[in-house]
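Structural overview for review
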Amino acid sequence: MIDIQLSQTEVRVGDVLSGRLIWTPARPLPKQATVAIGWRTEGRGTVNSQKVQELQIDCDRFATGITTTIPVQFQIPTSAPVSYDGLLLRIIWEATVVLAFPGLLTRNQQQAMLFRVLPRSS
Amino acid sequence: MSPIDPYAALGLAGNPFVATAEAGAAAGEWIDRGLALPPVGDRLLLQIMGEMGAGKTTHLLHCQGQIGGIYCCYPAGLGRWRVPPVAPIAFWDEADRIPRSLLALALWRAVHLPATIVAGTHADLSGTALQVGLRVQTIYLPKLEVETLLLWATQRIAAARLPDKTVHLSLTPAEAAQIVELAGASWRKAAVHLHVWAAKQVSQL
């Protein structure tokens, strides 16, 4: 199972969120690997979500049986909504890594890690 | 510092009473009332009646998800001036908005296909259906009750449990009674009140 680790659990808008992917692949190797950050709403009412930034990972960096660590960085836009835990609504930020494998019968692997986006302090 | 996911502290993957993005927005709020699925192609009008928010749409969408067929919801205003679709099994939501002439025509087609029409309605449509030769069956969705709400809330909380975690959230009969009083007859309103109740429990951690 691929693991995504974030160097911080809270980040302010406009700042950089950094982390790393750690994976020891077995066969088959993925045909596509992406890591993304985004937010989604959860609660009562219409659900909304937005992928804010996505990075394609070069799958040639993985080799069967070898643990590979890939650093990743994302800039949180200054216009992004901040995390919110209200009574009727939540805004949840998460970093997600998705591995797509060749073949119809092989399931994609997905792992997500939550983090909080805070407003800028004046 | 706030926890990243405050619901995890209660052993939950999130608020158990979130609305889903599925059609009807209440797809996750279906309650097993022991009602059988409607028969297909049975020259039958099955009326689902109940107050606003009683779960008519949810029940129609649940049945459609189980047995297929066509679902349509009639809007208010000019949009209601269209002939309802007729198929071996068809679900007409807000069917009391269908103009009488179009309703009669579609029900007549249901006799000759033959079809089963499941109609969510606030008004009794049996007069028109009987005139064209359809059998009529009516189900009144019961009003919101404390015991049913407790059962449903318990199921939703259990469904939101994180794997291998113990849930530290439970609705008491007194809290359920208060929510029933606030929600009137509406399951939709009850779900909103339960969502707020769960969020308050989390904020008090």
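About the criteria used
Residues numbered from 1 in each chain as written. Chains lettered and ligands numbered in written order. Predicted model: local features only at pLDDT ≥ 70, side-chain atom pairs only at ≥ 80, totals over all residues. Heavy atoms only, no water. Core = buried A, V, L, I, M, F, W, Y, C linked by side-chain atoms within 4.5 Å. Buried < 20%, exposed > 50% of the residue type's maximum accessible area, 1.4 Å probe, protein only. Helix = DSSP H or I, 4+ residues; strand = E, 2+ residues; numbered from the N terminus. Contact = heavy atoms within 4.5 Å. Buried area = accessible area lost by both parts, 1.4 Å probe. Salt bridge = Lys/Arg side-chain N within 4 Å of Asp/Glu carboxyl O. Polar contact = N/O pair within 3.5 Å; in protein donor to acceptor, adjacent residues only side chain to side chain. Nonpolar A, V, L, I, M, F, W, Y, C, P; charged D, E, K, R; others polar. Pairing = 2+ DSSP bridges. Axes fitted to C-alpha atoms, helices over the stretch in contact; angles between N-to-C directions. Parallel < 35°, antiparallel > 145°, perpendicular 65-115°, else oblique. Left-handed = near helix turned anticlockwise from the far one by under 90°. pLDDT = per-residue confidence, 0-100.

**Notes on the nonpolar core**
Within the largest apolar cluster, 27 residues are counted, with the highest numbers of intra-cluster contacts made by A:Leu21, A:Val35, A:Ile37, A:Ile57, A:Ile76, A:Trp93 and A:Phe115. Breaking this core down by element, the ones donating at least two residues are β3 (16–23), β4 (32–43), β6 (68–75), β8 (89–100) and β9 (109–118) of chain A. Per element, the largest residue contribution to this core is five residues, and it comes from β8(A). Look past the residues within four positions of A:Ile57 in its chain and what remains in contact with it is A:Leu21, A:Ala33, A:Val35, A:Phe62, A:Ile70 and A:Val72. Membership of the second largest hydrophobic core comes to 25 residues, among which are B:Leu144, B:Ile157, B:Ala160 and B:Val180.

**Description of the interface of chain B and chain A**
Listed by partner, the interface residues are 22 residues for chain B and 16 residues for chain A. Together, the buried faces of chain B and chain A total about 1500 Å²; carbon and sulfur atoms form 62% of this surface. With its nearest N and O atoms 2.9 Å apart, the salt bridge here joins A:Arg90 to B:Asp5. Our enumeration of links across chain B and chain A arrives at three residue pairs in polar contact (both at pLDDT 80 or more). Tallied by class, the residues present in the side of chain B that touches chain A amount to 13 nonpolar, five polar and four charged.

**Observations regarding the sheet that holds strand β4 (residues 116–121) of chain B**
All names here are of chain B. An order of β2-β3-β4-β1-β5 is seen for the five strands of this open sheet, with the pairing classed as parallel. Strand pairing shows two members of the sheet lacking a second neighbour, β2 (70–73) and β5 (135–140), which therefore form its edges. In this sheet, neighbouring strand axes are inclined to one another by 15° on average, regardless of whether the strands run parallel or antiparallel. Sheet analysis places β2 next to strand β3 (residues 89–93), joined by four bridges and oriented parallel. Within β3, the position partnered with cysteine 72 by the bridge is tryptophan 92.

**Regarding the packing of helix α5 (residues 173–183) of chain B against helix α6 (residues 187–203) of chain B**
Residues and elements named next belong to chain B. With their axes 9 Å apart at the nearest point, α5 and α6 run at an angle of 135° to one another. Regarding the angle of α5 to α6, the classification is oblique. As for the relative orientation of α5 and α6, their crossing is right-handed in sense. Counted together, Glu175, Ile179, Leu182 and Ala183 of α5 and Lys189, Ala190, His193, Leu194, Trp197 and Gln201 of α6 form the full contact between these two elements. When the residues that make up the contact of α5 with α6 are grouped by side-chain class, the tally is six nonpolar, two polar and two charged.

**A few points about unusual backbone geometry**
The peptide bond linking B:Leu113 to B:Pro114 adopts the cis configuration, its omega dihedral lying at -5°. When you line up the elements, B:Pro114 lands in the loop between α2 (100–112) and β4.

**Notes on the environment of B:Arg80**
Residue and element names in this part refer to chain B. Mapped onto the elements, arginine 80 comes out in the loop between β2 and β3. A relative accessible area of 27% places arginine 80 in the partly exposed class. Expressed as a C-alpha distance, the spacing of arginine 80 and glycine 14, which sit 66 residues apart in the sequence, is 38 Å.

**A look at the confidence of the model for chain B**
Residue and element names in this part refer to chain B. When pLDDT is averaged along chain B, the result is 88; 91% of the residues meet or exceed 70. Overall, residues 23–27 carries pLDDT values under 50, and its contacts beyond four positions in sequence, including any with other chains, amount to eight contacts. Scored as a complex, the prediction yields pTM 0.71 and ipTM 0.74.

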